[in-house]
Amino acid sequence: MAQLEILTEGHPLLRQKALPVKKITKRLLKLAGDMEETMRAASGVGLAAPQVGVGVRLIVLDVGEGPIVVFNPEIIDRDGQDVDVEGCLSIPGVNGYVERSAWVKVAGLDAKGKPLVIEGTDLLARALQHEIDHLDGVLFTDKATSIVAVEEEEKADESGVPRHT
Ligand code: ZN
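Residues numbered from 1 in each chain as written. Predicted model: local features only at pLDDT ≥ 70, side-chain atom pairs only at ≥ 80, totals over all residues. Heavy atoms only, no water.

## Things to note about the sheet that holds strand 8 (residues 146-149)
Reading across from one edge, 4-5-8 is the order of the three strands in this open sheet, with antiparallel pairing throughout. Only two strands of the sheet have a single partner each, and these edge strands are strand 4 (82-87) and strand 8. On average, each strand axis in the sheet is inclined to that of its neighbour by 25 degrees, with strand direction left out of account. Where strand 5 (residues 94-100) and strand 8 come together, four bridges link them in antiparallel fashion. Within the sheet, the bridge partner assigned to tyrosine 97 lies in strand 8 and is serine 146. Docked against the sheet, helix 2 (residues 122-135) engages strand 4 and strand 5, running at close to 60 degrees with respect to strand 4. (Pairing = 2+ DSSP bridges. Helix = DSSP H or I, 4+ residues; strand = E, 2+ residues; numbered from the N terminus. Axes fitted to C-alpha atoms, helices over the stretch in contact; angles between N-to-C directions. Contact = heavy atoms within 4.5 Å.)

Here's what the structure looks like:
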């Protein structure tokens, strides 16, 4: 596996709608593995393919319960509201408060191309919504009610839960 370059805000690919995956090829599986490695190296909890320069509907997540890979993820149900702080590996240096659904149910395909359904609350729900937004060219700063600069000391504090996705 290899670490990939994470595109930052201003790159046009971050604003494009990603294309559905028609067939899960070896190349896409390698991409998913490389994305996992890249996410871990950056202490992120999620990463979407457009963030590494590939305009396909693929996300990887790990909120501390093991890696999740979803091709063509789609929110099929949601409930409640939750406002919390989040950040993005593509927008370094800022966090923002974003309202998200408190619970989501996401359908997609796993790495073997089998149908997959994930339900989540808290950080998993937030990360799923954040990553799926990336596939539609939406960044958290579009939705945030307030944006704050991340303090240098906070960045250096490794005891904090990584929320950058
Ligand atoms: Zn992000």
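## Quick notes on the pairing of strand 2 (residues 58-61)
A two-sided burial pattern is seen for strand 2, the buried positions comprising Leu58 and Val60 on one face and Ile59 and Leu61 on the other. One ladder, built from three bridges, connects strand 1 (residues 46-48) with strand 2; its direction is antiparallel. Counted as the bridge partner of glycine 46 is leucine 61 from strand 2. By the bridge criterion, four bridges tie strand 2 to strand 3 (residues 68-79) in an arrangement that is antiparallel. Bridge pairing in strand 3 links isoleucine 59 to valine 70. Hairpin connection of strand 2 to strand 3: six residues between the antiparallel strands, including glycine 64 at a positive phi of 105 degrees. (Buried < 20%, exposed > 50% of the residue type's maximum accessible area, 1.4 Å probe, protein only.)

## Structural notes on the sheet that holds strand 2
Taken in spatial order, the five strands make up an open sheet running 1-2-3-6-7, and their pairing is antiparallel. Sheet topology places strand 1 and strand 7 (115-121) at the edges, where each strand pairs with a single neighbour. Between one strand and the next, the sheet's axes are offset by a mean angle of 40 degrees, whatever the strand orientation. Bridge analysis of strand 3 against strand 6 (residues 103-109) gives six bridges, and the strand direction is antiparallel. Across the sheet, the residue bridging to aspartate 79 is tryptophan 103, located in strand 6.

## A short note on the side chain of glutamate 86
Along the polypeptide, glutamate 86 turns up in strand 4. At a separation of 2.7 Å, a polar atom in the side chain of glutamate 86 contacts the side chain of arginine 126. Residues within four places of glutamate 86 in sequence aside, it is in contact with Asn95, Gly96, Val98, Arg100, Arg126, His130 and Phe140. (Polar contact = N/O pair within 3.5 Å; in protein donor to acceptor, adjacent residues only side chain to side chain.)

## Describing the environment of lysine 23
Here lysine 23 is to be found in the segment before helix 1 (26-41). Take lysine 23: its relative accessible area is 62%, and that puts it in the exposed class. Between the C-alpha atoms of lysine 23 and glycine 113, which are 90 residues apart in sequence, the distance is 7.9 Å.

As far as function goes, none of this settles anything; it's purely spatial.
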